[in-house]
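Next come the chains, spelled out residue by residue.
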Amino acid sequence: MKVTVFGIGYVGLVQAAVLASVGHDVVCVDIDASKVEELKKGNIPIYEPGLTPLVQETYKNGQLNFTIDAKLGVTHGEVQFIAVGTPPDEDGSADLKYVLAVAETIATHMNEPKIIIDKSTVPVGTADKVSAKISAVLSSRNENITFNVVSNPEFLKEGAAVSDCMKPDRIVVGTSNEHARDVMRELYAPFNRNHDRMIFMDVRSAELTKYAANCMLATKISFMNEMSNLAELLGADIEAVRHGIGSDSRIGYQFIYPGCGYGGSCFPKDVQALVRTAHGIDYKPALLEAVESVNYAQKQKLFNNLNTYFKGNLAGKIIAVWGLSFKPQTDDMREASAMVLMESLWQAGAKVQAYDPEAMEECQRIYGVRDDLALVGTKESALNGADALVICTEWSQFRAPDFELISQSLNHKIIVDGRNLYDPKLLKQRGFAYYGIGRGDSVSKS
Ligand SMILES: NC(=O)c1ccc[n+]([C@@H]2O[C@H](COP(=O)([O-])OP(=O)(O)OC[C@H]3O[C@@H](n4cnc5c(N)ncnc54)[C@H](O)[C@@H]3O)[C@@H](O)[C@H]2O)c1
């Protein structure tokens, strides 16, 4: 099938490459000319396991192409994906200006029937807005071309995006149109061979399904973080509690890790957006509001623990930070807990010496060059001359470090572990002040 994807970000690029890899003829359109140029040279703008060879190969064999020429993109595809960003507006609701701009572009250039697929995460009612925009432009052109707007939210996880798209748990499609249904079946048939993964529903339910999924996952995290705070105050160990509840098959072990708060490009903005949607229809989403506020407090925890240990005296201190991305296997730092920590440290007059296996370029791009930020080449060099070590991201290379070296390198033997990577008892024996999350044996009480 001829497919066009608007927006070459995490979602658009991965989806496009995966569709191209099974034989679809895919053109990607973006407004960022330098991104398009780099992609044509084989330079992939994001780190995602397995993505680089997939993009390079499909581009080389002509299945995947990149352009800034929107007209060419619209003319190409029978199906037109909208996979642009939906960042939070000033009030937290999803900003639809990029989505609607693409809708306008499609309507301006289309000369034959199209199926327009909302792949971006968009609030309930967006497909109607996209339809209205396209109808308005078509009527201003005195054209009466058939089109269908389908909701097809994306559930990929950064860090495992390629395999998630290759073998999706489910493919949710919101449409009430028979033809659109058939086209979506054909488009996804290569990913649907083992068993039927397609779940058809009405458009509004599909739009809400995406928010419900992300809000449920964010709720699990905030729930565990709340339990971890109680565990600290009650002298219990959240890790024991985690095992204790995860063994219940109704609860399960997935997504119940306590930590220093959720980040990323999806959970924070999607919870916020659904809260705003609820407010807009005079409903108070008490649970979602609590999920947000627990997460906000949790993200302050790393700084609060350091501040407690140094008795409010962080000015001039050098803090080693391991991990900058919001989770392992990605270079994405959007809403990362490390950002909250670093910004609080700078406010308090401390310096940061940080290492991340993939996100240092991104960190440099966000913060630029500054005297109080040193990005160093190894986790060990981050320790040189540092006063304390903080772990923000659970990259596997941080799991079994050389504690002797850490002990010798740090001016103060303190580790603040936002991911519960270490055993509090062992670290205590080695003479460390260890602040985990919700560990009965750690010193954390903030
Ligand atoms: N990142 C994830 O893990 C993830 C997972 C599921 C769903 N989503 C959702 O998918 C959507 C895209 O997210 P992302 O992380 O890929 O975004 P992103 O910011 O990485 O990429 C968006 C891209 O769209 C481009 N763009 C903006 N306006 C455009 C236009 N008019 N025409 C063509 N291109 C345009 C931008 O230049 C950019 O390259 C969001 O709604 C997000 O919530 C993201």
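Residues numbered from 1 in each chain as written. Predicted model: local features only at pLDDT ≥ 70, side-chain atom pairs only at ≥ 80, totals over all residues. Heavy atoms only, no water.

Sorry, what's going on with the site of the ligand here?
Among the 26 residues in the neighbourhood of the ligand, the closest are listed as Asp 30, Lys 35, Thr 86, Glu 158 and Lys 269. At 3.0 Å from an oxygen atom of the ligand is found a main-chain nitrogen or oxygen belonging to Tyr 10. Contact between the ligand and Lys 35: an oxygen atom at 2.6 Å from a side-chain N or O atom of the residue. Summarising the interface, the protein chains cover 88% of the accessible area of the ligand, which totals 830 Å² for the free molecule. Considering only residue class, the shell around the ligand consists of 12 nonpolar, 7 polar and 7 charged. (Near = heavy atom within 4 Å. Polar contact = N/O pair within 3.5 Å; in protein donor to acceptor, adjacent residues only side chain to side chain. Areas by Shrake-Rupley, 256 points an atom, 1.4 Å probe, with all protein chains shown as cover. Nonpolar A, V, L, I, M, F, W, Y, C, P; charged D, E, K, R; others polar.)

What exactly am I supposed to notice about the packing of aromatic side chains here?
In this description, a pair of aromatic rings is defined by centroid distance and the angle of the planes. Taken as a whole, this structure holds 12 aromatic pairs when the rule is applied. When the centroid spacing of 6.3 Å and the interplanar angle of 65 degrees are considered together, the rings of Tyr 188 and Phe 191 count as edge-to-face. The same class applies to Tyr 188 and to Phe 191, which are both buried. Stacked on the ring of Phe 155, the Lys or Arg Arg 170 has its end atom at 3.7 Å from the ring centre. (Phe/Tyr/Trp six-rings, centres within 6.5 Å; stacked < 30°, edge-to-face > 60°. Buried < 20%, exposed > 50% of the residue type's maximum accessible area, 1.4 Å probe, protein only. Lys NZ or Arg CZ within 6 Å of the ring centre and 35° of its normal.)

How do you make sense of the pattern of salt bridges when you look at a structure like this?
Oppositely charged side chains can form a pair if their charged atoms are brought close together. Within the structure shown, the criterion is met by 23 salt bridges. Across the pair Glu 104 and Lys 133 runs a salt bridge whose closest N-O atoms are separated by 3.8 Å. Of this pair, Glu 104 sits in helix H5 (residues 97-109) while Lys 133 sits in helix H6 (residues 126-140), and the two are 29 residues apart along the sequence. A residue is classified by how much of its surface remains accessible, and Lys 133, at 28% relative accessible area, is partly exposed. Glu 362 is paired through a salt bridge with Arg 365; the nearest N and O atoms lie 2.9 Å apart. Of this pair, Glu 362 and Arg 365 both sit in helix H14 (residues 360-367), 3 residues apart, roughly one helical turn. Because the salt bridges share partners, they merge into one network encompassing Glu 158, Asp 332 and Arg 334. (Salt bridge = Lys/Arg side-chain N within 4 Å of Asp/Glu carboxyl O. Helix = DSSP H or I, 4+ residues; strand = E, 2+ residues; numbered from the N terminus.)

Help me understand the pairing of strand S6 (residues 147-151), please; the structure alone is not making it clear to me.
In summary, the side chains of a regular strand alternate between the two faces of the sheet. The buried fraction of S6 is high, at 5 of 5 residues. Burial along S6 is two-sided: Phe 147, Val 149 and Ser 151 and Asn 148 and Val 150, pointing in opposite directions, are all buried. Looking at chain direction, strand S5 (residues 114-118) and S6 are connected through 5 bridges and run parallel. Considered in S6, the bridge of Ile 116 is made with Val 149. Regarding topology, H6 serves as the crossover connection from S5 to the parallel S6, and that connection is right-handed. (Pairing = 2+ DSSP bridges. Right-handed = clockwise from strand over helix to strand, strands pointing away.)

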